[in-house]
Amino acid sequence: MSRTFDCAVPRDRERGLAAAAAALSRGALVVVPTDTVYGVSADAFTPQAVTDLLMAKGRGRDSPPPVLVGEIATLDGLASDVPPYARDLVEAFWPGGLTVVLRAQPTLTWDLGETGGTVALRMPLHPVALELLEVTGPLATSSANTSGDPAATSAEQARDMLGDSVAVYLDGGACLDDLASTIVDCTGPRPALLRTGAIAEALLREVVPTAWEGDPEPEPEPEPDLEPEREPELEPELEREPEPALQPEHEPSATDPPTPHPEESR
């Protein structure tokens, strides 16, 4: 039979965290509040517990659960080949409502389902979840609902759907909204937005302003004209006919015959 602990009461919160950690260590399921919606958690390194989580939700191995971590330093222990843009996103939005999909460390001894060698990681911004993760380490966590139903925004809603398949319910009060985390695929050279949620796309692009997967390719710049500039052609001048040379007037000389006077020629 499952138990519920009111985490608004300090003594119940302490007892609830201890009961949740003990349940997870023996392979049972726990419902925990997060900064987005309620999640149902299992020890990430206990394959049967992960299988029970998927069965409780009515899902198969083709829907592997994300993994919650308690600190940013855990990122490199669970993921490999983390690109710089993924680190920028994590630094900006962890803890918070961002899930990043990365290449999983190949040496990890876990079985989250058909992951294709990847793992979805998130660090939640909720004190109860972070206190539990500090004790347990990484937890395979999916939204606390049965497949096809809305994600639970209260411990009561989660209990109505999951019932006694969960050993411990940590009641952290009602969620502020029903937005799930934003999911970004960081396994390629460019980030790909898989789901918009608690973190708006515009905020993501402020941190990573370079091209995202699916963005239109920029138009190529026109190639420069490499032909040398030509000198403007001058119109050929029209050839002019040479002007005739002026004949100099004849100077009379002593040998010239005398010019007859008109009157003398009569």
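The notes below deal with the structure included here. Keep in mind it's a predicted model, so treat the numbers as computed, not measured. (Residues numbered from 1 in each chain as written. Predicted model: local features only at pLDDT ≥ 70, side-chain atom pairs only at ≥ 80, totals over all residues. Heavy atoms only, no water.)

As a further point, take the overall build of the chain. Of regular secondary structure, the chain possesses seven helices and eleven strands. When contacts within the chain are restricted to residue pairs at least 6 apart in sequence, long-range pairs at least 24 apart make up 65% of them. Put simply, the chain shows about 16600 Å² of open surface, and 52% of that area lies on carbon and sulfur atoms. (Helix = DSSP H or I, 4+ residues; strand = E, 2+ residues; numbered from the N terminus. Contact = heavy atoms within 4.5 Å. Areas by Shrake-Rupley, 256 points an atom, 1.4 Å probe, with all protein chains shown as cover.)

As a further point, take the pairing of strand 10 (residues 182–185). Of the two faces of strand 10, the one carrying Thr-182 and Val-184 and the one carrying Ile-183 and Asp-185 are both buried. Pairing geometry for strand 6 (residues 98–104) and strand 10, over four bridges, is parallel. By the bridge assignment, Val-100 is partnered in strand 10 with Val-184. Note that strand 10 and strand 11 (residues 192–195) share three bridges and pair antiparallel. In the sheet register, Val-184 faces strand 11, and the bridge partner there is Leu-193. Remark: six residues form the turn of the hairpin made by strand 10 and strand 11, two consecutive strands paired antiparallel. (Buried < 20%, exposed > 50% of the residue type's maximum accessible area, 1.4 Å probe, protein only. Pairing = 2+ DSSP bridges.)

Between two aromatic rings, the relevant description is the distance of the centres plus the angle of the planes. According to the stated counting rule, one finds one aromatic pair in the structure shown. Where Phe-45 meets Trp-110, the ring centres are 5.3 Å apart and the plane angle is 25°; that geometry is what we call stacked. Separated by 65 residues along the polypeptide, Phe-45 in the loop between strand 3 (39–43) and helix 2 (47–57) and Trp-110 in the loop between strand 6 and strand 7 (118–122) bring together distant segments of the chain. You can call Phe-45 partly exposed: its relative accessible area is 33%. (Phe/Tyr/Trp six-rings, centres within 6.5 Å; stacked < 30°, edge-to-face > 60°.)

Attention shifts here to the pattern of salt bridges. The final tally for this structure, using the stated rule, is eight salt bridges. With its nearest N and O atoms 3.0 Å apart, the salt bridge here joins Glu-201 to Arg-205. With Glu-201 and Arg-205 both in helix 7 (residues 201–207), this residue pair falls four residues apart, about one helical turn. Judged by relative accessible area, which is 28%, Arg-205 ranks as partly exposed. The salt bridge involving Arg-205 is made with Asp-215; its shortest N-O contact spans 2.9 Å. Of this pair, Arg-205 sits in helix 7 while Asp-215 sits in the segment after helix 7, and the two are ten residues apart along the sequence. Connected through shared salt-bridge partners, Glu-201, Arg-205 and Asp-215 make up one network. (Salt bridge = Lys/Arg side-chain N within 4 Å of Asp/Glu carboxyl O.)

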